[in-house]
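Chain by chain, the residues:
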Amino acid sequence: MLCCKKIIPLVFFLCLSFAALAQETVKIWDGTPVRASKVTLMPFLTETKPQAAVVVCPGGSYCWLDYETEGVMVAEWLQKNGIAAFVLKYRTAGWLAWATHCRALFRGNQHPDMISDAQRAIQYVREVYFPDENVPLGVMGFSAGGHLAMSTACFYNTNFLKDQGVEVNCDLRPDFVAPIYPVVTFSDDCMHQRSCRALLGERKRKQLRDSLSLERRIPQNCPPVFLANCADDPVVECRNSVMLDSALTVNNIPHRYIQYKTGGHGFGANLQKGTAESRKWMDEFLIWITDILK
C-alpha cells in the first residue's frame, strides 16, 4: 500500500499530466459570439521555426471525422518533416441528422458552419501562432475534408466570419492547399451524395449545390494546389479530382495532380492502409511544397 508521502507527489504528477493533455487542443471560437465549443485545433509544433504550417481537415463525408488516420497521423508526419500542423475538428452533421432528417425542423450543423470553422482556423493560426513570422500557411484535407480545404481557396474572398461578429486582421487566403482524394462536385452525377446532404442539410437546391461545386468556383488568384487520388476509389468517384484538375488547368492555376492506379480511399497517412503506390503521395507532397516555397 502506498503511504501518504508517496501518494501526494503521484497525484500532483497526474494532475500536471492531465493539465498538459488539456492544453493540447484549443477551442478556437472561445471569446467570440459563436457557440461552437466542440470546434478545436490540436497543434503539432516544430522545435524551430517551421518551413510552413498546415491546417489539417480530416474527412468523414461531413458526417463525422476520421480524426486519427486523416488527422493526427497526418500532423505527426508533417511535424517530423519540419512543418507545423494543426488538426481541425470542425462541425459535422452527425449520424443522427443523417438518419432522421431532423435538420428539416432543427438547423443542426450545415453550411456555412464548416467553411466558417476552416476560416477561423486560418485566422487563429496566423494571428495567434505566427503573428510576426512569415510562415506560409496551407490547408490539407481528405475526402470531404478535401472539399473543405479546397473551399478555403475558392471562397477566401468571402469573409464568413464577419457576419458572425468576428473581426479578422489577417488574410484568409491560404498560401497553398492540398486536397487528397477530395469530394469536389455537387452538380455532376459523380457527386458524393452523403457529403452533399450532410453539408447542405435538407436544402439540396440546385443553385446551392452548384455554388459549392468547386470545379465551378476557381478564383483567378487561387493558391497553388497539390491534388492526389486513386483511380480505384470506391467511395468518391475519381472523376471528382479529374474535374478539379481540368478546372485548375483551364484557369492557369499552378498545381500538381497525381492519380494513382491503386489505393482506394481513406488511407490518409496510415502506412497500413492504401497501397505502396498510393502512399507515395506523402513523399510527392514534400517535394512539391519544398519546390513552391523556394
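Only a predicted model underlies this, so the values are computations on that prediction, with no experimental measurement involved.

From N to C terminus, the protein includes nine helices and eight strands. Its C-alpha atoms give the protein a radius of gyration of 20 Å, within 12% of the compact-globule value 19 Å for 294 residues. Residue pairs at least 24 apart in sequence account for 78% of intrachain contacts in the protein once pairs closer than 6 positions are excluded. Only carbon and sulfur atoms are counted for the fraction: they give 54% of the accessible area of the protein, which is about 13900 Å². One way to put it: in the protein the 31 positive side-chain charges average out to a point 5 Å from where the 29 negative ones average out.

Another aspect to go through is the pairing of strand β7 (residues 225-230). Burial runs high along β7: six of the six residues are buried. Judged by which residues are buried, β7 turns out to be covered on both faces: V225, L227 and N229 on one side and F226, A228 and C230 on the other are all buried. Examined bridge by bridge, strand β6 (residues 176-180) and β7 share two bridges and lie parallel to one another. Across the sheet, the residue bridging to I180 is A228, located in β7. Where β7 meets strand β8 (residues 255-260), six bridges bridge the pair, whose relative direction is parallel. When the sheet's bridge partners are listed, V225 is paired in β8 with H255. One crossover worth recording links β7 to the parallel β8 by way of helix α8 (residues 239-250), and it is right-handed.

So, about the environment of P58. By secondary structure assignment, the location of P58 is in the loop between β3 (52-57) and α2 (68-80). With relative accessibility at 0%, the residue P58 sits in the buried group. Taking C-alpha positions, P58 is 21 Å from H255, a pair spaced 197 residues apart along the chain. Not counting residues within four places of it along the chain, the set of residues in contact with P58 comprises L65, D66, Y67, E70, G71, V87, L88, Y90, F142 and G145.

The subject of this paragraph is helix α5 (residues 144-154). When you tally the buried positions in α5, you get 11 out of 11 residues, the bulk of the element. Among all positions of α5, only A144, G145, G146, H147, L148, A149, M150, S151, T152, A153 and C154 are buried.

Its volume calculated, the largest pocket comes out at about 180 Å³. Looking at the lining of the largest pocket residue by residue, the classes come out as three nonpolar, three polar and four charged.

Here the idea is plain: a probe the size of a water molecule rolls over the atoms and shows the empty space left. The full count for this structure, using the stated rule, is one cavity of 30 Å³ or more. Within this model, the largest cavity holds a volume of roughly 50 Å³. What lines the largest cavity is simply Y62, H111, M114, I115, H147, L148, S151, F155, L199 and L212. Mapped onto the lining of the largest cavity, the elements with two or more residues apiece are α4 (113-129) and α5. With three residues, α5 is the single largest residue contributor to the lining of the largest cavity. Of the residues that constitute the lining of the largest cavity, the class distribution is seven nonpolar, three polar and no charged.

Applying the stated rule across the entire model yields 14 aromatic pairs. Geometrically, the ring pair formed by F142 and W281 is edge-to-face, given 5.7 Å between the ring centres and 70° between the ring planes. Taken as a pair, F142 in strand β5 (residues 137-142) and W281 in helix α9 (residues 281-292) lie far apart in primary sequence, 139 residues in all. You can call F142 buried: its relative accessible area is 0%. W281 gets classed as buried once you look at its relative accessible area, which sits at 0%. With a centroid separation of 6.3 Å and an interplanar angle of 75°, the aromatic rings of F176 and W288 are classed as edge-to-face. Remark: W288 occurs in helix α9 and F176 occurs in strand β6; sequence separation between them is 112 residues. Of the two residues examined, F176 and W288, each falls in the buried class.

Spatially, the eight strands line up as an open sheet ordered β1-β2-β4-β3-β5-β6-β7-β8, and their pairing is mixed. Both outer strands of the open sheet, β1 (26-27) and β8, are each paired with one neighbouring strand and no more. Two strands pair when backbone bridges link them, and β3 and β5 are joined in this way by five bridges, in the parallel orientation. By the bridge assignment, V55 is partnered in β5 with V139. Across the face of the sheet, α5 comes into contact with β3, β5, β6 and β7 while running at roughly 150° to β5. The sheet strands contacting α9 are β4 (83-89), β5, β6, β7 and β8, and the helix crosses β6 at an angle near 165°.

Conventions adopted
- Residues numbered from 1 in each chain as written.
- Predicted model: local features only at pLDDT ≥ 70, side-chain atom pairs only at ≥ 80, totals over all residues.
- Heavy atoms only, no water.
- Helix = DSSP H or I, 4+ residues; strand = E, 2+ residues; numbered from the N terminus.
- Rg over C-alpha atoms; globule rule 2.2 N^0.38 Å.
- Contact = heavy atoms within 4.5 Å.
- Areas by Shrake-Rupley, 256 points an atom, 1.4 Å probe, with all protein chains shown as cover.
- Lys, Arg positive; Asp, Glu negative; His and termini not counted.
- Charge placed at Lys NZ, Arg CZ, Asp CG, Glu CD.
- Buried < 20%, exposed > 50% of the residue type's maximum accessible area, 1.4 Å probe, protein only.
- Pairing = 2+ DSSP bridges.
- Right-handed = clockwise from strand over helix to strand, strands pointing away.
- 1 Å grid on protein atoms, 1.4 Å probe; cavity = no way out; pocket = protein on both sides within 12 Å on 5 of 7 lines; lining within 4 Å.
- Points joined across faces, edges and corners; volume = space filled by probe spheres on them.
- Nonpolar A, V, L, I, M, F, W, Y, C, P; charged D, E, K, R; others polar.
- Phe/Tyr/Trp six-rings, centres within 6.5 Å; stacked < 30°, edge-to-face > 60°.
- Axes fitted to C-alpha atoms, helices over the stretch in contact; angles between N-to-C directions.

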